[in-house]
Amino acid sequence: PMRTLSIDCGGSGIKGAVVDRKGALASERVRFPVRYPMTPGDFLTVLDRLAAAAGPFDRATVGLPGMIRHGVVITTPHYITKAGPHSQIDPELAAAWSGFDLQAVLRDRWQRPVMVLNDAQVQGAAVISGHGYEVMFTLGTGLGCAEFDDGVIQPKLEISRAPVRKGAIYDEWVGAAARRQVGNRKWNRRVARTIDGLRPVFCWDHLYLGGGEAKKVAFRLPPDVSTVPNIMGIRGGVRVWELLRASSGE
């Protein structure tokens, strides 16, 4: 049976497991903390350690925060900072990550098929119905976003970097650090306002809320919005291959 190593990369931790054809975990979930500053070389070392700990696999899926195009890192918001999310950006790190062809490097390094996508795209792949216009928001270190039209992954929009209020961007407004700073009640109001404010931007048929902070959502959601468990960021590592094959007509 096909075994997929699925890796979900966040601002505080990089976790993964081997999953079977149905997306069920076929190995223990492994997690390594992110140590800052994080160069591409440091990142590859962590991925190698995770791959070795997870066990044998036939292909790999890596979900990474930021703008990823064709497996190439255009921008990634957290790993280019000196001391972690929302800290000062290191220009040398930003230059090292920009244009880094992670997909090609991992294919050569592991000698297996590898797919590198935005992490919200991977998580969304696990939960979408495949019908209509579906959107995935991940509430974690920041705000991730992915869109699907009848099961087809759409070009990435980095909504997390858009300004929302008083000079803050969405990453800073509804991320994990904001929840810890302002408390759960005020943070929930911000999440509700984010849903209401972005609804006319996307006009989704259904919105999914995932990521590590989604379990903190404590208000009644509209019928077209639902929360999903964060483990879907790993389980989606199988279905993205199916979605991309279907969209290419294979």
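Treat the numbers as computed from the prediction; the structure is a model and nothing was measured.

### Comments concerning the state of the cysteines
- Enumeration over the complete set of coordinates arrives at zero disulfides.
- Summary of cysteine pairing: C145 is not part of a disulfide, and the nearest cysteine sulfur, belonging to C203, is at 13 Å.
- Here C145 falls in the buried class, since its relative accessible area comes to 1%.

### Some words on the pairing of strand β6 (residues 72-75)
- As defined by bridge partners, strand β5 (residues 67-69) adjoins β6 across three bridges and the pair is classed as antiparallel. Pairing of M67 across the sheet is with T75, part of β6.
- What sits between the antiparallel neighbours β5 and β6 is a turn of two residues, in which H70 has the positive phi angle 55°.

### Considering the environment of P163
- Tracing the chain through its elements places P163 in strand β11 (residues 163-165).
- On the accessibility criterion, P163 (68% relative accessible area) is exposed.
- Apart from the residues lying within four places of it in its own chain, the contact partners of P163 are A168, I169 and Y170.

### Quick look at the environment of G140
- If you trace the backbone, G140 turns up in the loop between β8 (133-139) and β9 (143-149).
- Distance in space between the C-alpha atoms of G140 and G175 is 5.6 Å, their sequence separation being 35 residues.
- Non-local contacts of G140, meaning those with residues more than four positions away in its chain, are made with G175, A176 and E213.

### Some points on the packing of helix α4 (residues 119-127) against helix α8 (residues 232-247)
- Viewed as axis vectors pointing N to C, α4 and α8 meet at an angle of 80°, and their least axial separation amounts to 6 Å. Between α4 and α8, the angle falls in the class roughly perpendicular. Contacts from Q121, V122, Q123, A125, A126 and V127 in α4 reach M232, G233, R235, G236, G237, R239, V240 and L243 in α8.
- Grouping the constituent residues of the contact of α4 with α8 by class yields seven nonpolar, five polar and two charged.

### Regarding the sheet that holds strand β7 (residues 114-118)
- The five strands are arranged β3-β2-β1-β4-β7 in an open sheet whose pairing can be described as mixed. Of all the strands in the sheet, the pair left with one neighbour each is β3 (30-33) and β7. Adjacent strand axes in the sheet meet at a mean angle of 15°, parallel and antiparallel pairs treated alike.
- Relative to β3, strand β2 (residues 13-19) runs antiparallel, the two being bridged by four bridges. Note on β3: the bridge partner recorded for G16 is V30.
- This element, α4, spans β1 (4-9), β4 (59-64) and β7 of the sheet and lies at about 100° to β7.

Definitions and cut-offs
Every chain is numbered on its own, with residues counted from 1 as its sequence reads. With the structure being a predicted model, the display of local features is reserved for residues of pLDDT at least 70 and the display and counting of side-chain atom pairs for 80 or more, all residues being used for whole-chain, interface and lining totals. Computation of side-chain values: all heavy atoms of the structure, hydrogens and water removed. The rule for a disulfide is simple: a pair of cysteine sulfur atoms within 2.5 Å. Only protein chains enter the accessibility calculation, which uses a 1.4 Å probe; a residue whose area is less than 20% of its type maximum is buried, one above 50% is exposed, and one in between is partly exposed. Should DSSP find at least two bridges between two strands, the strands are regarded as paired. A run of H or I in DSSP counts as a helix once it spans at least four residues, and a run of E counts as a strand once it spans at least two, with each numbered from the N terminus. When checking whether two residues touch, look at their non-hydrogen atoms; a contact exists if any pair is within 4.5 Å. Here the axes come from fitting lines to C-alpha atoms, over the contacting stretch only for helices, and the angles between their N-to-C directions go from 0 to 180 degrees. Between 65 and 115 degrees an angle is taken as roughly perpendicular, under 35 as roughly parallel, over 145 as roughly antiparallel, and anywhere else as oblique. Here the nonpolar group is Ala, Val, Leu, Ile, Met, Phe, Trp, Tyr, Cys and Pro; Asp, Glu, Lys and Arg are the charged ones; every other residue, Gly included, is treated as polar.

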